[in-house]
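Overview (structure and organization)
If you want the building blocks of each chain, they are given just below.
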Amino acid sequence: LMQEIFDIGVDVAKANVVIAVQDHPELACELVNESGALRRWLKSVPPQSRLAVESTGRYHGLLVHLAQQAGLCAYVLNARDVSMYAKALGMRGKTDRTDSQVIARYIREHHARLHPYEPGSAAQQAIDQLIRQRARLQVKQQSLMRILQDLPALDQQRQAVAQSLQAVIHTMDAQILAWMHSEPALAQPFERLQTIPGVGVQGAALLTSLLERIGFTNADALVAFSGLDPRPKDSGQKKGRRRLSKRGAALIRRQMYMCACSASRTPAFKPVYQALRARGLSGIEAMVILARKLLRVAFALWRHQSVFEPERFRPKTT
């Protein structure tokens, strides 16, 4: 007889994981979030079962890695999607147990349109971690500098802290470059993407890792993944205001916005930015549109293995 395939939902926290199996409430359990306990539990799970977790930063990483090693199909879900799904089910409360049950039901019903998690190569994983931590460090650095700038008596210490943090960031940049050049499959598109005006080392590194790890079918899929796609809100004759879906990682949107700011000052994209402003769009709206255009250009360069050519890839302004 064919072995049953389980649909498993896991609510992950730093210290423990709470597990639910769709249609098998007797298999629900709670485990310590550490390698030994997770490995022992995974041995009891039928191969080719589907396991899903919400994206929790780094706490879900160990379980997903071990599940893939055990032959399970692992999914990392958008927490907002799961939350909206739970509301649609009429859930009247929220606990770790009910969260795991909702995730198990979600993966049972929606796995056909989802893509299993792809961790990428060792270099890609290292690059992704460095990029994420670098962005977090910059945010903390800015916050810390704002706190200390109102304390003139500590100006010397503030400068010392700023220099120390900047030295750490420079070291992280050097490590990102080293990892990027460690694999030809990463190094070549990394160099090509830097030919796009406004896209520097950090933007090219993020895009290279993303494009090489996830097989986007077209540029629209990449834009949607980033959360920079406009979300319609129409009903009948009413045309609601479009807002960004913000479905993807905020890091991607932040980095592409920064790239757009740089690109708006270059000969290739300055006319595009000015044309958008001439249409009455605000500076932020124009930058968001330009960020989307940069994503489309990046996808074209990656797919065709080419470099930026201003006349060929200049986005339309209408």
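Before reading on, note that the structure itself is shown above.
The following paragraphs examine the structure supplied in this document. (Residues numbered from 1 in each chain as written. Predicted model: local features only at pLDDT ≥ 70, side-chain atom pairs only at ≥ 80, totals over all residues. Heavy atoms only, no water.)

**Notes on helix H11 (residues 270–278)**
Where we set the bar: Note on classification: 1.4 Å probe, protein chains only; a residue is buried when its accessible area is under 20% of the maximum for its type, exposed when over 50%, partly exposed between these limits. Helix and strand definitions here come from DSSP, where helices need a minimum of 4 consecutive H or I residues and strands a minimum of 2 consecutive E residues; each element is numbered from the N-terminal end. The arc in question is traced by the directions running from the helix axis to the C-beta atoms. Contact criterion: two residues are considered in contact whenever any of their non-hydrogen atoms come within 4.5 Å of each other.
Looking only at H11, the buried set comprises Val272, Tyr273 and Leu276. Within H11, the buried residues cover an arc of 100° as seen down the axis, which keeps them to one side. Buried residues belonging to H11 abut helix H12 (283–304). Looking at the residues trailing H11, positive phi occurs at glycine 280, about 95°.

**Describing the pattern of salt bridges**
Note the threshold: Any Lys or Arg side-chain nitrogen found within 4 Å of a carboxyl oxygen on Asp or Glu counts as a salt bridge.
Overall, the coordinates contain 10 salt bridges when judged by the stated rule. Notably, a salt bridge pairs aspartate 99 with lysine 94, separated by 2.6 Å at the nearest N-O pair. With a relative accessible area of 14%, aspartate 99 lands in the buried category. Arginine 296 serves as the salt-bridge partner of aspartate 220, at 2.6 Å between the closest nitrogen and oxygen. With a gap of 76 residues between them, aspartate 220 in helix H9 (residues 219–226) and arginine 296 in helix H12 connect regions that are remote in the sequence. Relative accessible area serves as the criterion here: at 48%, aspartate 220 is assigned to the partly exposed category.

**Notes on a positive patch on the surface**
The following threshold applies: To count toward a patch, a residue needs a relative accessible area above 30% and no salt bridge. Like charges then connect within 9 Å, nonpolar side chains (Val, Leu, Ile, Met, Phe, Trp, Tyr) within 5 Å. Only the protein chains shown count as covering a residue, and every accessible area follows the Shrake-Rupley method with a 1.4 Å probe. For the purpose of charge, His is not counted, nor are the chain termini; Lys and Arg are scored as positive and Asp and Glu as negative. The atom standing in for a charge is NZ when the residue is Lys, CZ when it is Arg, CG when it is Asp and CD when it is Glu.
A surface patch of like charges, here positive, comprises Arg80, Arg231, Lys233, Lys238, Arg243 and Lys246. Relative to the elements of secondary structure, lysine 238 occurs in strand S8 (residues 238–239).

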